[in-house]
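Each chain is listed here by its residues.
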Amino acid sequence: MSNLSHAGRDMAGHPDVSEMRDRYARVMGGRDVALVDAPVFLVGLYCAISPWVVNFLGTQPRLTTHNVIMGIAIAVLGLGFTAMPERMYGLSWAICAMGIWMIISTWVVGSAPSLGVILNNVIIGALTLLLGLVCAAVSMKAGKHTTGRRAARADRPARANRPA
């Protein structure tokens, strides 16, 4: 039986290591923050149903409509992150803006909101802002990483075709 131990061998010296990294990045499709997609979606769903959970339907009709619309928008962005991550992570800053708006909207849209309504929207806004910042940080990191790889690829000489 042959010795299949790979101790002492390092892939860094392999001639195709950069191509393998590029292929892996393409296959993964920029899925560095796959765990953030579901929480964004769930925060959006909760925002949409929060008027019924906190029970401010009758006292805050404009805020009810606002929360339903904002919740649906946040949930749709969460679904977009899952379906098309490479295109949607540029909208991470939009989620941050939506989080900030959710925090201040209670006083702008609502009329004499109760403490429960204020806490509800501030917590939703803070979670949305936090998740948006995580998405934005990862997308910026991924952008720098792919830009560096493109520059490295452009600098190296073209390889001759090898016979199969």
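The structure displayed is predicted, hence computed values, not measured ones.

Colleague: I'd like a rundown of the overall build of the chain, residues and numbers included.
Modeller: Within the chain, the secondary structure is distributed over six helices and zero strands. When its helices and strands are written in sequence order, the chain yields α-α-α-α-α-α. Looking at the chain residue by residue over its 164 residues, the buried ones come to 33%. Taking all contacts inside the chain whose residues are at least 6 apart in sequence as the whole, residues at least 24 apart take part in 69%.

Colleague: Describe the nonpolar core, and please don't skip the residues or the numbers.
Modeller: Looking at soluble globular proteins, one finds that nonpolar side chains tend to be buried together. Ranked by internal contacts, the top residues of the largest apolar core, which has 16 residues, are Val40 and Phe81. Aside from chain neighbours lying at most four places away, what touches Val40 is Ile74, Gly78, Ile95 and Leu131.

Colleague: Can you lay out the side chain of Asn67 for me, pointing to particular residues and giving the numbers?
Modeller: Residue placement: Asn67 occurs in helix H3 (residues 61-83). For Asn67, the residues in contact, after removing those within four places along its chain, are Cys47, Ala48, Ser50, Pro51, Phe56, Met102, Asn120 and Asn121.

Colleague: Give me the environment of Glu19: which residues, what numbers.
Modeller: Here Glu19 is to be found in helix H1 (residues 17-28). A relative accessible area of 27% places Glu19 in the partly exposed class. At 3.2 Å, the side chain of Glu19 forms a polar contact with the side chain of Ser18.

Colleague: Give a description of the confidence of the model for the chain that names residues and reports values.
Modeller: In regions of low pLDDT, the predicted coordinates are not meant to be interpreted in detail. Taken as a whole, the chain shows an average pLDDT of 80; of its residues, 71% reach a score of 70 or greater. Here H1 is the element of the chain with the lowest mean pLDDT, 68, and helix H5 (residues 92-109) is the one with the highest, 94. In the model, residues 147-152 has pLDDT below 50 throughout and makes three contacts with residues more than four positions away in sequence or in other chains.

Colleague: Give a detailed account of the packing of H3 against H5, specifying residues and quantitative values.
Modeller: At their nearest, the axes of H3 and H5 sit 11 Å apart, and the two run at 170° to each other. Judged by the inter-axis angle, H3 sits roughly antiparallel to H5. Contact residues: Arg62, Leu63, His66, Asn67, Met70, Ala73, Ile74, Leu77 and Phe81 in H3; Ser92, Ile95, Met98, Trp101, Met102, Ser105, Thr106, Val108 and Val109 in H5. Of the residues in the contact of H3 with H5, the class split is 12 nonpolar, five polar and one charged.

Colleague: An account of the side chain of Ser92 is needed here, citing residue identities and associated values.
Modeller: Here Ser92 lies in helix H5. If sequence neighbours within four positions are ignored, Ser92 has contacts with Phe81, Gly132, Cys135, Ala136 and Ser139.

Colleague: A description of unusual backbone geometry should follow, citing residues and the corresponding values.
Modeller: For Asn55, which is not a glycine, the phi torsion comes out positive at approximately 65°. Along the polypeptide, Asn55 turns up in the loop between helix H2 (34-54) and H3.

Colleague: Could you give me a rundown of a nonpolar patch on the surface, with the residues and numbers involved?
Modeller: Taken together, the side chains of Tyr46, Ile49, Trp52, Val53 and Leu57 present a nonpolar region at the surface, about 470 Å² in accessible area. Locating Tyr46 in the fold gives a position in helix H2. Of the residues examined, Tyr46 reaches a relative accessible area of 31% and is grouped as partly exposed.

Parameters at a glance
Residues numbered from 1 in each chain as written. Predicted model: local features only at pLDDT ≥ 70, side-chain atom pairs only at ≥ 80, totals over all residues. Heavy atoms only, no water. Helix = DSSP H or I, 4+ residues; strand = E, 2+ residues; numbered from the N terminus. Buried < 20%, exposed > 50% of the residue type's maximum accessible area, 1.4 Å probe, protein only. Contact = heavy atoms within 4.5 Å. Core = buried A, V, L, I, M, F, W, Y, C linked by side-chain atoms within 4.5 Å. Polar contact = N/O pair within 3.5 Å; in protein donor to acceptor, adjacent residues only side chain to side chain. pLDDT = per-residue confidence, 0-100. Axes fitted to C-alpha atoms, helices over the stretch in contact; angles between N-to-C directions. Parallel < 35°, antiparallel > 145°, perpendicular 65-115°, else oblique. Nonpolar A, V, L, I, M, F, W, Y, C, P; charged D, E, K, R; others polar. Patch = residues over 30% accessible without salt bridge, like charges linked within 9 Å, V, L, I, M, F, W, Y side chains within 5 Å. Areas by Shrake-Rupley, 256 points an atom, 1.4 Å probe, with all protein chains shown as cover. Salt bridge = Lys/Arg side-chain N within 4 Å of Asp/Glu carboxyl O.

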